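# Summary of structural features
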Amino acid sequence: MKLLENLYCYIWPGRGNNSNSYLFANALRGDRPHVIIDPGHVVNELNERCLEHLLSDMERDNLKPEDIGLIINTHSHPDHCEANQALVERSRAKMGTGKAKQALITIHEEEMEHLAMMGALMARFLGKETGFEPDFYLREGDLNLGKENKISLKILHTPGHSPGSISIYWPRQVGVLITGDVLFYGAVGRTDVPGGDGKLLKRSIERLSELDIEYLLPGHSTEFGSIIKGREKVEQNFAFVRLNYFPML
Ligand SMILES: [Zn+2]
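Values in this document were obtained by computation on a predicted structure and should not be read as measured data.

Taken in spatial order, the 6 strands line up as E8-E9-E10-E11-E14-E15 in an open sheet, and their pairing is mixed. Of all the strands in the sheet, just strand E8 (141-144) and strand E15 (228-229) have a single pairing partner and so form its edges. Here strand E14 (residues 215-218) runs beside E15; their pairing, made up of 2 bridges, is antiparallel. Note that in E15 the partner of Leu216 across the bridge is Ile228.

Counting residues in each nonpolar core, the largest one holds 54 residues, and the members touching the most others are Val35, Ile71, Ile168 and Leu177. Here this core gets 5 residues from one element, more than from any other, and that element is helix H1 (residues 50-60).

A separate point is the pairing of strand E3 (residues 21-24). Residues in a regular strand point their side chains to alternate faces of the sheet. Residues Ser21 and Leu23 line one face of E3 and the alternating positions Tyr22 and Phe24 line the opposite face, and both faces are buried. Alignment of strand E2 (residues 7-10) against E3, held across 4 bridges, turns out to be antiparallel. Residue Tyr8 lies in a different strand from E3, and its bridge partner there is Leu23. As paired strands, E3 and strand E4 (residues 34-37) are joined by 3 bridges and run antiparallel to one another. Bridging from a neighbouring strand, Leu23 pairs with Ile36 of E4.

Phi angles above zero are rare outside glycine, and Asn6 is one such case at about 75°. You can see Asn6 is positioned in the loop between strand E1 (2-4) and E2. With a phi close to 50°, Asn26 is a non-glycine residue in the positive phi region. Looking at the element boundaries, Asn26 is found in the loop between E3 and E4.

The next subject is the sheet that holds E2. Taken in spatial order, the 7 strands of this open sheet run E1-E2-E3-E4-E5-E6-E7, and their pairing is mixed. Two strands bound the open sheet, and with one partner strand each, they are E1 and strand E7 (136-138). Taking each pair of neighbouring strands and ignoring which way they run, the sheet shows an average axis angle of 30°. Bridge count between E4 and strand E5 (residues 68-72): 4 bridges; the pairing is parallel.

Moving on: helix H6 (residues 231-244). One turn of the α-helix equals 3.6 residues, which is why residues spaced by three or four share an orientation. For H6, built from 14 residues, the straight-helix expectation of 20 Å at 1.5 Å per residue is met to within 8% by its first-to-last C-alpha distance of 20 Å. Turning to H6, its buried residues number three or more, namely Val234, Asn237 and Val241. In an axial view of H6, the angular spread of the buried residues amounts to 55°, which keeps them on one side of the axis. For H6, exposure combined with an orientation more than 90 degrees from the buried face picks out Glu232, Ala239 and Leu243. On the buried face of H6, the contacting elements are strand E12 (183-184), strand E13 (187-188), helix H5 (198-209), E14 and E15.

Scoring rules and cut-offs
Residues numbered from 1 in each chain as written. Predicted model: local features only at pLDDT ≥ 70, side-chain atom pairs only at ≥ 80, totals over all residues. Pairing = 2+ DSSP bridges. Helix = DSSP H or I, 4+ residues; strand = E, 2+ residues; numbered from the N terminus. Core = buried A, V, L, I, M, F, W, Y, C linked by C-beta atoms within 7 Å. Buried ≥ 20, exposed ≤ 12 C-beta atoms within 10 Å, placed from the backbone. Axes fitted to C-alpha atoms, helices over the stretch in contact; angles between N-to-C directions. Expected span 1.5 Å × (residues − 1). Arc of directions from axis to C-beta. Contact = placed C-beta atoms within 7 Å.

Below you can see the structure in the form of C-alpha cells.
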C-alpha cells in the first residue's frame, strides 16, 4: 500500500509472526532503485507464506523484487530478515549496467557482533538461523539514498530489544519514523530475548520521542493497530508506553 510519495507499507495481515515491511520506491540511482526495510520471514511458524504474500502485494503496487537494490534490516531477528537472501537471489535475475550485480544488505555493526557471539543461542531461542552476510554496516547518522530525489534518511542506533537495533527517520515533508521492534502501537519490543536490555530500551524510546513524527511505522502490529498517524496520536503513544511499560523495564 502506498502511504506517501516514494513510501510503501506492507503490514503483515497473517495469524502467525512476521514483521511489517516498508519500501522506499525509486530511491536509488541505477538499475535497482528500490530500498526495502525488513523483508520478513519466508515462511513463518504457522507455515504462512510470508514472502510470497509480500511479493504479491508489491506486484499490486507495480513494484518488482528484482528492482530492489538495498535491503535494510532494523535488527537481526529472523522474522525481519529471513527473506534477505531470497530477495538477493531475485535481484540477480536482472541484468544491470551498474557495478552492483545484486541487491545489497545492510544492518548495524553491533547487531552482527551480537549475532556472532550469540548466534547459536539465538537460533535456538528463535527456532531459525539468520543466514546472511551484510555488504556494509549502517552507522548512526545520515544515509542518503541517491542524488536525484534526495531521500535522505537518518539512522538512529536504538538498542534495547537487541544491541544493534536501529530506527530510521525520514524528516522530509512530514516526519516518518520506522521503529523495528523498539516501539509499537501501545507496546514496546521484548527485552527478554538474548541481547535485550530494558534500561537501554527506555533510553532509546525517550530519544525517539524527541523527534517530530507524523507517521510512526512499527515492525509489528498490536491489538491497538499498526501505523500511528498524526503527531497527537504519536505523542499519546509515547505517554502510554511511559506509563504502562517503563516501570517494568
Ligand atoms: Zn525482534
